[in-house]
Amino acid sequence: MKKPVTEHTEWPGFHGANQGYVEELYEQFLQNPNAVDPEMKAYFEQNQHNRKATNPAVDFSTPVTGNMSENPAKIAAVLRYADYIRSNGHLSAKIHPLSSGSLDNQWDDFEMWGLTEEDLNSVPVGLVCPSAPPNIKTGKEAFQYLKKVYTNTIATEFEHISQLDEKEWLRNKVESGALIPQIKNEKKIGLYERLAEIENFETFLHRTFVGQKRFSIEGLDSMVPLLDEVIASAVHNDVETINIGMAHRGRLNVLAHVLGKPYEMIFAEFQHAPNKELVPSEGSIGINFGWTGDVKYHLGIDRKIKSGTTANIRLTLANNPSHLEFAGAVVEGFTRAAQDDRGLRGYAKYDPVKAMAILIHGDAAFPGQGIVAETLNLSRLPGYKTGGTIHIISNNTIGFTTESIDSRSTRYASDLAKGYEIPIIHVNADDPEACLMAARLSFEYRSRFGKDFLIDLIGYRRFGHNEMDEPMTTNPEMYKLVHNHPTVKELYGKKLKAQGVLSEKKREEIEENINSILKSANEKVPKAEKGREKEPDIPEVVEMGIPRIKTGVPANILKKINSELLTWPEGFTVFSKLAKILQRRQDAFSENGKIDWGLAETLAFSTILQEGIPVRLTGQDSERGTFAQRNLVLHDSNTGAQFSPLHTLPDAKASFSIHNSPLSEAAVVGFEYGYNVFAPETLVLWEAQYGDFANAAQVLFDQFVAAGRAKWGQKSGLVILLPHGYEGQGPEHSSGRVERFLTLAAENNWTVANLSSAAQYFHILRRQAKILKQESVRPLVLMTPKSLLRNPLVAADPAQLTEGSFEPILEQPGLGSNPEQIERIVLCSGKVSIDIAEQLDGKDSDWLHVLRIEEIYPFPLDELKERLAQYPNLKEIVWVQEEPKNMGAWTFVEPRINEAAPNGIKVAYIGRRRRSSPAEGDPNIHKLEQARIVHEALSKGGNEDGRN
């Protein structure tokens, strides 16, 4: 990738923000040299020639003539007038296909600016427009040229960009004519042919599949050649992977013409006919099929394309749900995964040239959906940046039936991007050549500066929100204009005919050829077999679940790693208090040593890295850990320098990337899900600061993580860490809402676990890493501890990490030795298991046993049946939880425990009553309730089943 240009020196000795201040003083100097400090006056007089040489914004090579040379105020007025055109040209540009637009009289009212026609003719071209082409000879012509480039069918907004080098580069590009179409006749004919393919495809669908939804592209047809141009530029500049995210509108056309999905496959989906055999035999197109599937305008595709003698380019259109903009964060994750080299220890090596993202937004959704701002905020963060995304607003000036006056508080749909200093181009979708120019500039900017760029493609929507919707009922004025407006194919065809570029005979040949291809493709579609429809089968490998995997690690390896984790660079000073805490871990493998939760996690990561599996962990405080339990990024207490011991492990064979995330859940979860999908060999973990913060990412869990494989065949092994437990911290810092994840649990779509042992955490992480490349892979949702992180009852003996594997059910140590005496089985999960364990000491408990359900989904039904059958005199089974009755796991586990119970014993409930809020706000009330729950669990006859 080309390095971004550095900020040049307009004024010697001044840099950064000071340059802007000096520029203001210089404008005062131009109006009245005596108005500035004498020292600055002398400085300007001495350095004007330097500014001429280094700053193309003003050129003094041609002398000012006539009265202008004696009137600095006039020169300042000229500069202000020129800047007004640059800043406000978009307000009068011809960017709206359905309105002609009229120029503001300020453009030609010289007197308003204190200028005359003679004044304009007396200033040099370079003062008005330094980048003007050679044919511009006078100041007046320069102003006319500025009006042309800033008020045409392309309009620009980049005054909000603070970096002077970027702003000057953009200004030079615009004013040198880069946005004035310069296209050869052969390219023009090809462009017309592309527009004909686009329109005729939509017309064929409309006529052949009457009344079916397709969310047509019509009115924004130029989006396809715009994408063609961006992709061609990317391929030419060695981009290896291009990932696209977009909503419904125009999706089928993009699938067909940009991604190359065969027409017959799309037609088969309309006819509900089998289409898997229609995938091209050469395998250049990858289409994953889930067993429940999704509607045709949600589906994505993965394509390999060949460009000349270059290697294959991977082109992906992401699957998306009806929550349209949420796919954008997923695509950014795809892209970063393609840019990262994870093959060596340390952070993954990031190369933005390898991949790029294109996100297509709706004009109502871009300002309306908060996920857009969250995703834009990722664009320049070290752990999430992707070297610049090209954004396209598919702007049909209406959202469903809502016009822009009711859907946003900004002039343009694109205005949100200004807050992130993203350059904006508005372009008229009825001018396909202008769209190509916008595409070229967007990619060139991305390549040069490594930042996002936005194209606001302004068109219209020829039909209603979908093809069964009648827009005249709600938007009659707009649709009177639409019904009388010719298509872009018609407009461009007439233009080329007038230019003598496209003959009528050639036009007819193009039309006949396209229509013949469409007709032939439809004839290839197999007929739908009536009466053969059936419930889709879940793949057997998914239904079977995760196989039992040994995940123990030899003690000598763990001991060696533990020592290496406490080896810091020479001269590196860890904060003394933290250093003492970490050094205690030296004793973890000595006699009677214990391994707490944080160390078990670090050892799991270390052994996973030794096996060549990359790890990526992000979250709002993941480097340290919300509860100071992790400390995987150490900070030198003297210099602030950073060091991670996982980056220097001698035997690590893969990267370890850990990043503190922004204060975002939805965009970050989407990003990490996308990263994992695109880099399936990587153990990707997202950690909520508190478990209930996952609420803000619910769309991602519902629409992607839980259902992506069933809908789209999109596999994921993402790990979700949700700190969960009732410690009296109130309703927003207690519950990870395990009930929501269990409600979504079906078809072995993920694992939901609530652990009570550091050893269990070690083994389940290692198990997850080992299944990443297997068909049995699935996401892992973990309710992780807070107060238990350092609890001795949770800590593990070294032998527990050395031997065995993850256990779905754990027995309470010290209980159940005499099965004949057991009358009550307490079933529980997570933190409340430890609360119970702490109260067992000294109690009469021969009649009692406690089983911890560590893996709640898939529920270990057969194993529970076997365990319960061991107790011949069992009288009661109780489920104990600290969450309210309508939350936590109770509703999910109750029917399953009843099925496992012997002799028809019914399971009873002990816990909080049903509530609308997950926890008390008063810590004293919390302690009383918690004590009651544990007391009832350990008391004969001490349950009050049926609490409401």
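In case you missed it, the structure is sitting above this.
Residues numbered from 1 in each chain as written. Predicted model: local features only at pLDDT ≥ 70, side-chain atom pairs only at ≥ 80, totals over all residues. Heavy atoms only, no water.

A.B. asks: Could you give an account of the overall build of the protein, naming the residues involved and the relevant values?
C.D. replies: The number of helices and strands found in the protein is 33 helices and 27 strands. Its C-alpha atoms give the protein a radius of gyration of 33 Å, within 12% of the compact-globule value 30 Å for 948 residues. For the protein, the spread of C-alpha atoms along the principal axes amounts to about 110 × 80 × 55 Å. Buried positions account for 58% of the 948 residues belonging to the protein. Long-range contacts, defined here as pairs at least 24 residues apart, represent 79% of the contacts in the protein between residues at least 6 apart. Total accessible area on the protein stands at roughly 38,500 Å², and carbon and sulfur atoms take up 49% of it. Counting 105 positive and 125 negative side-chain charges, the protein places the averaged centre of each group 3 Å from the other. (Helix = DSSP H or I, 4+ residues; strand = E, 2+ residues; numbered from the N terminus. Rg over C-alpha atoms; globule rule 2.2 N^0.38 Å. Buried < 20%, exposed > 50% of the residue type's maximum accessible area, 1.4 Å probe, protein only. Contact = heavy atoms within 4.5 Å. Areas by Shrake-Rupley, 256 points an atom, 1.4 Å probe, with all protein chains shown as cover. Lys, Arg positive; Asp, Glu negative; His and termini not counted. Charge placed at Lys NZ, Arg CZ, Asp CG, Glu CD.)

A.B. asks: Report on the sheet that holds strand β24 (residues 848–853), specifying residues and quantitative values.
C.D. replies: Spatial strand order, β22-β24-β23-β26-β27: 5 strands in an open sheet with mixed pairing. A single partner strand is all that each edge strand has here, and the edge strands are β22 (809–811) and β27 (907–912). For this sheet the average axis-to-axis angle between neighbouring strands, irrespective of direction, equals 25°. The pairing of strand β23 (residues 824–828) with strand β26 (residues 876–884) spans 4 bridges and is classified as parallel. By the bridge assignment, L827 is partnered in β26 with W879. Contacts from helix α33 (residues 923–937) reach β23, β24, β26 and β27 within the one sheet, and its direction differs from that of β27 by about 160°. (Pairing = 2+ DSSP bridges. Axes fitted to C-alpha atoms, helices over the stretch in contact; angles between N-to-C directions.)

A.B. asks: Help me get a handle on the packing of helix α8 (residues 185–208) against helix α16 (residues 432–449), residues and values and all.
C.D. replies: Between α8 and α16, the least distance of the axes is 11 Å, while the angle of their chain directions is 105°. It follows from the interaxial angle that α8 and α16 lie roughly perpendicular. Contacts from K187, K188, L191 and L195 in α8 reach P432, E433, L436 and R440 in α16. Tallied by class, the residues present in the contact of α8 with α16 amount to 4 nonpolar, no polar and 4 charged. (Parallel < 35°, antiparallel > 145°, perpendicular 65-115°, else oblique. Nonpolar A, V, L, I, M, F, W, Y, C, P; charged D, E, K, R; others polar.)

A.B. asks: Help me get a handle on the sheet that holds strand β19 (residues 719–723), residues and values and all.
C.D. replies: Strand order in the open sheet formed by 7 strands is β17-β14-β18-β19-β21-β20-β25, and the pairing between neighbours is mixed. With partners counted over all chains shown, the strands left at the sheet margins are β17 (656–660) and β25 (855–857), one partner each. This sheet shows a mean twist of 20° between the axes of neighbouring strands, independent of strand direction. Direction of pairing for β19 relative to strand β21 (residues 780–784): parallel, over a ladder of 5 bridges. Each bridged residue has a counterpart across the sheet, and for L721 the counterpart in β21 is L782. Contacting β14 (615–619) and β18 (683–687), helix α24 (residues 666–678) runs over the sheet at an angle of about 170° to β18.

A.B. asks: Outline empty space enclosed by the protein, supporting the account with residue identities and numerical values.
C.D. replies: Per the stated rule, a full pass over the model turns up 10 cavities of 30 Å³ or more. Volume-wise, the largest cavity comes out at about 110 Å³. In terms of lining, the largest cavity is formed by 13 residues, of which the most central are L565, L566, L582, R585 and P645. When grouped by side-chain class, the residues that make up the lining of the largest cavity number 8 nonpolar, 3 polar and 2 charged. (1 Å grid on protein atoms, 1.4 Å probe; cavity = no way out; pocket = protein on both sides within 12 Å on 5 of 7 lines; lining within 4 Å. Points joined across faces, edges and corners; volume = space filled by probe spheres on them.)

A.B. asks: So what's going on with the nonpolar core? Residues and values would help.
C.D. replies: Formed by 111 residues in total, the largest nonpolar core has its most connected members in I242, I244, F267 and I358. It is α16 that provides the largest number of residues to this core, a total of 10 residues. Look past the residues within four positions of I358 in its chain and what remains in contact with it is L227, V230, I231, I242, N243, I244, G245, I390 and I392. (Core = buried A, V, L, I, M, F, W, Y, C linked by side-chain atoms within 4.5 Å.)

A.B. asks: Would you mind going over helix α19 (residues 504–524) in detail, with residue names and values included?
C.D. replies: The terminal C-alpha atoms of α19 lie 31 Å apart, and with 21 residues this matches the ideal 30 Å at 1.5 Å per residue to within 8%. Of all the residues in α19, the buried ones are I510, E511, I514, L518, A521 and N522. On an axial view of α19, the arc spanned by its buried residues comes to 105°, and they lie on one face. Exposed and facing more than 90 degrees away from the buried side of α19 are K505, E512, K519, E523 and K524. Against α8, α11 (263–270) and α18 (488–498) lie the buried residues of α19. (Expected span 1.5 Å × (residues − 1). Arc of directions from axis to C-beta.)

A.B. asks: Quick rundown of the pattern of salt bridges? Include the residues and the values.
C.D. replies: Enumeration according to the criterion identifies 48 salt bridges in this entry. The salt bridge involving R336 is made with D340; its shortest N-O contact spans 2.9 Å. No difference in accessibility class separates R336 from D340, as the two residues are buried. Measuring nitrogen to oxygen at the nearest pair gives 3.0 Å for the salt bridge that ties E863 to R867. You can see E863 and its partner R867 sitting in helix α31 (residues 861–868), 4 residues apart, about one turn around the helix. (Salt bridge = Lys/Arg side-chain N within 4 Å of Asp/Glu carboxyl O.)

A.B. asks: An account of the environment of C129 is needed here, citing residue identities and associated values.
C.D. replies: Residue placement: C129 occurs in the loop between α5 (125–128) and α6 (139–150). Taking the C-alpha atoms as reference points, C129 and L205, separated by 76 residues in sequence, lie 49 Å from one another. When neighbours within four sequence positions are excluded, C129 is seen to be in contact with R86, A142, Y145, L146 and E175.

A.B. asks: Before we move on, can you summarise unusual backbone geometry with the specific residues and values?
C.D. replies: Of the consecutive residues Y857 and P858, the connecting peptide bond is found in the cis state with omega at -5°. Within the fold, P858 resides in the loop between β25 and α31. Of note, D238 is a non-glycine position whose phi angle comes to about 70°, a positive value. By the secondary structure assignment, D238 is in the loop between α9 (223–236) and β2 (241–245). Despite not being glycine, T397 has its phi angle at roughly 60°, a positive value. Tracing the backbone through its elements, the reader meets T397 in the loop between β9 (389–395) and β10 (398–399).

A.B. asks: Which residues make up the packing of aromatic side chains, and what values go with them?
C.D. replies: Tallying each qualifying case throughout the model produces 26 aromatic pairs. When the centroid spacing of 5.1 Å and the interplanar angle of 35° are considered together, the rings of F204 and F267 count as tilted. Here F204, found in helix α8, pairs with F267, found in helix α11; they are 63 residues apart in sequence, far enough to count as distant. Seen from their ring centres, F605 and F656 are 5.8 Å apart, and the 40° between their planes marks the pair as tilted. Pair noted here: F605 is in helix α23 (residues 597–610) and F656 is in strand β17, with a separation of 51 residues, a long-range link. Residue F605 shares its accessibility class with F656, and that shared class is buried. Here the guanidinium or amino end of R616 rests over the ring plane of Y384, the centre of that ring lying 5.4 Å away. (Phe/Tyr/Trp six-rings, centres within 6.5 Å; stacked < 30°, edge-to-face > 60°. Lys NZ or Arg CZ within 6 Å of the ring centre and 35° of its normal.)

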